[in-house]
Structure formats: C-alpha cells, structure tokens
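Breakdown of the fold
Residues per chain are reported as follows:
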Number of protein chains: 2
Amino acid sequence: MRSVLAEADPALAYTTIATVLDRLHSKGRVLREKSGGAWVYRAARTREAALAGEVARMMRRAETSPEPLLVAFLDEVEASDPTALDQLEALIRARRQTS
Amino acid sequence: MRSVLAEADPALAYTTIATVLDRLHSKGRVLREKSGGAWVYRAARTREAALAGEVARMMRRAETSPEPLLVAFLDEVEASDPTALDQLEALIRARRQTS
DNA sequence: TGATGCCTACGACAATGCGTCGTAGGATCA
DNA sequence: TGATCCTACGACGCATTGTCGTAGGCATCA
C-alpha cells in the first residue's frame, strides 16, 4: 500500500490511495488479501486481458461476422510491430497443436 | 436525426438525442455536416477501429513483447467464436501475399 | 504501560460526465 | 404566411472520480 503510493505519486495523501484501492476493490477491479493487519492489493485482470475481453464482447454482440474487427486488429498489430504478425500466426498454430 | 431517434429509443425526447449527438460531436466522436438546415451525423470511427486503436496504443506502450496481449486476444477470440481462429489465420496469410 | 506510528473504515467535497428534458428562436416548406 | 422541424443552450438529478481528513484499531518499542 505504501508501495502503491510510492509508485503512483508520493505527493498524494496516503488515504487517497487507500480510497481509490478500496473503490476499485468494491468494483472487483482489484483483489486483496490480509497480510498482518494490512491489505495487500493486486490487479484482478491484466490490462491485456481486460482489452481482450472487450474484443470478445464486441465479437459476441456483432450480428454480422467478426471479420471487420479481426481486420482492424491486424491492421494495428502490423502497424505497431511488424514482427507481431508472425508471432500471432505461430501462436495460432501452437494452439491448434494442443487442442 | 429523426432516424437516430427511431433507432435508439423512440420514447426519448427529440432534444435528448440532439444533446447527446451534440456532446459527442464536441468530443470528436461523431462527425456532422449540414444538409438543408439540419445536421447529418455519422460516427467518426467504427467501434472496431476505436478498439483496434486501443490495442495499438497498448502495444506501443508495452516495454516487453506484445505476446501477452496476443495470447489474451486469442483466448478470447477462440472462446467466443471457435471458427474465428481459422479466419484470423487466413487473414494473416492473405496479408502476407499482398505486401 | 503508555506513546508512537501504521493501517483501515468511513465520510466529505468539488469537479466532471451522463441521461434526460424544456424553451426560445431560426429555417423550411406547402 | 403559418405550421412544422431543427438547433442552441441551459438546466437538473444522479453517479463517478480525485482528493483529503478524522476516528479508531493494533502493534511495537522504550
């Protein structure tokens, strides 16, 4: 908790961090467990998982095919890291092997 | 505009739609142009493009490899539409052909 | 054992965003 | 020219967010 404060902005009041974490916890965005009287917090989902979940919700809601979304995704992936496409293809293949 | 109202919820007041569109426009989320005294609105970006942009920002900001994001993405894609993986692979291949 | 310090629970307050609408007045069209 | 449609703007209630303070519990240490 002290450490969260240090990482965020040490100029903020301690209770500010406490309040924010508390609210995030009540919304299920972070998990916490007791450790000697004090709570220890950790993220409930990674940023990546949250974003991917967003993608999935969109796919499920689309009446049409998921293709436009996939295409848009590939566009961006390719643009920001050209090698990532190969990586993606490799991951797909690997996934097929094991399932 | 009348049509937006109809598609959204015809029970809402006309001015509700007007206000919402106006606010979206001032935030750049929709574009508009005059057509005989009335504004005609259209989305500035598709939902897909917006989400994909989010993906891109995340990839660019990641100090490490983009792999966790790709993995999370595949997990979700696979879970919500099992055939989409094949589709995705085909799209990657097609992309390689043309570039 | 009492003081010190860290932690939590809870409340507060201002700023902002959002959904909803009404009114006033300009533009359009039969 | 009058009825109809549209825009601009303000308003209101509610929820969220960033920020903090106070009160009180629990442990540690001189």
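For the structure, see preceding data.
Residues numbered from 1 in each chain as written. Chains lettered and ligands numbered in written order. Predicted model: local features only at pLDDT ≥ 70, side-chain atom pairs only at ≥ 80, totals over all residues. Heavy atoms only, no water.

Observations regarding the overall build of chain A
Along its length, chain A carries five helices and two strands. Start at the N end of chain A and walk to the C end: the helices and strands fall as α-α-β-β-α-α-α. In terms of overall dimensions, chain A is more spread out than a globule: its C-alpha atoms have a radius of gyration of 19 Å, far above the 13 Å expected for 99 residues. Its C-alpha atoms give chain A principal-axis dimensions of roughly 50 × 30 × 30 Å. For chain A, buried positions account for 27% of its 99 residues. Considering only intrachain contacts with a sequence separation of at least 6, the fraction spanning at least 24 residues in chain A is 2%. (Helix = DSSP H or I, 4+ residues; strand = E, 2+ residues; numbered from the N terminus. Rg over C-alpha atoms; globule rule 2.2 N^0.38 Å. Buried < 20%, exposed > 50% of the residue type's maximum accessible area, 1.4 Å probe, protein only. Contact = heavy atoms within 4.5 Å.)

Re the pairing of strand S1 (residues 30-35) of chain B
All names here are of chain B. Examined bridge by bridge, S1 and strand S2 (residues 38-43) share six bridges and lie antiparallel to one another. Note that in S2 the partner of Leu31 across the bridge is Arg42. Count of turn residues in the S1/S2 antiparallel hairpin: two residues, of which Gly36 carries a positive phi of about 65°. (Pairing = 2+ DSSP bridges.)

With respect to the pattern of salt bridges
This structure, assessed with the given rule, holds 18 salt bridges over all chains. A salt bridge links Glu78 of chain B to Arg95 of chain A; the nearest nitrogen and oxygen atoms lie 3.1 Å apart. Remark: Arg95 of chain A occurs in helix H5 (residues 84-98) and Glu78 of chain B occurs in helix H4 (residues 67-80); the pair is interchain, linking two chains. Given a relative accessible area of 27%, Glu78 of chain B falls into the partly exposed group. Between Arg57 of chain B and Glu54 of chain B there is a salt bridge, and its shortest N-O distance comes to 2.4 Å. Of this pair, Arg57 of chain B and Glu54 of chain B both sit in helix H3 (residues 47-61), three residues apart, which is roughly one turn of the helix. A single salt-bridge network, built from bridges that share partners, covers Asp86, Glu89, Arg93 and Arg96 of chain A together with Asp86, Glu89, Arg93 and Arg96 of chain B. (Salt bridge = Lys/Arg side-chain N within 4 Å of Asp/Glu carboxyl O.)

Overview of the interface of chain B and chain A
Tallying the contact residues gives 39 residues for chain B and 40 residues for chain A. Note on chain B versus chain A: buried area summed over both sides is about 3900 Å², and carbon and sulfur give 70% of it. Inspection of the region where chain B meets chain A yields ten salt bridges. Its salt-bridge partner being Arg95 of chain B, residue Asp75 of chain A comes within 2.8 Å of it at the nearest N-O pair. Seen at the junction of chain B and chain A, the total is twelve residue pairs in polar contact (both at pLDDT 80 or more). Where the side of chain B that touches chain A is concerned, the elements lending two or more residues are H3, H4 and helix H5 (84-98) of chain B. For the side of chain B that touches chain A, the leading source of residues is H4 of chain B, giving 13 residues. Residues belonging to the side of chain B that touches chain A are distributed by class as follows: 20 nonpolar, four polar and 15 charged. (Buried area = accessible area lost by both parts, 1.4 Å probe. Polar contact = N/O pair within 3.5 Å; in protein donor to acceptor, adjacent residues only side chain to side chain. Nonpolar A, V, L, I, M, F, W, Y, C, P; charged D, E, K, R; others polar.)

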